[in-house]
Amino acid sequence: MQLAVDVSMRNILHLISQMNLKEIEIIKNKIIEKELYFKKFKKDDIEDIMLDFKEAGYSEDFLADLENGLKKSSIYNEN
């Protein structure tokens, strides 16, 4: 069984502030071990996105605007 809980940054910081240094060190090491700090957003290919929208029946004008916008977006132009 898996449980997902939404926790605010404020609550996370409050919980961390109640930990001792050893506990904080354990948390830090787990974050590093699991590489949670620099995971990049996995983006789909623009062609796949366009195909999904085309199959959904969007107009050619909308599709052209969407493709143009995606190609200019920061997420698709980062190095």
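Quick caveat: nothing in here was measured; it's all calculated off a predicted structure.

Attention now goes to the packing of aromatic side chains. Scanning all chains against the criterion turns up three aromatic pairs. Between Phe53 and Tyr58 the ring centres are 5.2 Å apart and the planes differ by 55 degrees, which places this aromatic pair in the tilted class. Its relative accessible area of 41% is what places Tyr58 among the partly exposed residues. Through a chain of ring-to-ring contacts, three or more aromatic side chains come together here, namely Phe53, Tyr58 and Phe62.

Looking at where Ile31 falls in the secondary structure, it is placed in helix 2 (residues 21-33). Given a relative accessible area of 35%, Ile31 falls into the partly exposed group. With 18 residues separating them along the chain, Ile31 and Leu13 place their C-alpha atoms 15 Å apart.

We now examine the nonpolar core. Listed in full, the six residues of the largest apolar core are Ile46, Ile49, Met50, Leu63, Leu66 and Leu70. Among the elements of the structure, helix 3 (46-55) and helix 4 (60-72) are those that each provide at least two residues to this core. With near-sequence residues (within four places) excluded, Ile46 lies in contact with Glu67, Leu70, Lys71 and Tyr76.

Criteria and cut-off values
- Residues numbered from 1 in each chain as written.
- Predicted model: local features only at pLDDT ≥ 70, side-chain atom pairs only at ≥ 80, totals over all residues.
- Heavy atoms only, no water.
- Phe/Tyr/Trp six-rings, centres within 6.5 Å; stacked < 30°, edge-to-face > 60°.
- Buried < 20%, exposed > 50% of the residue type's maximum accessible area, 1.4 Å probe, protein only.
- Helix = DSSP H or I, 4+ residues; strand = E, 2+ residues; numbered from the N terminus.
- Core = buried A, V, L, I, M, F, W, Y, C linked by side-chain atoms within 4.5 Å.
- Contact = heavy atoms within 4.5 Å.

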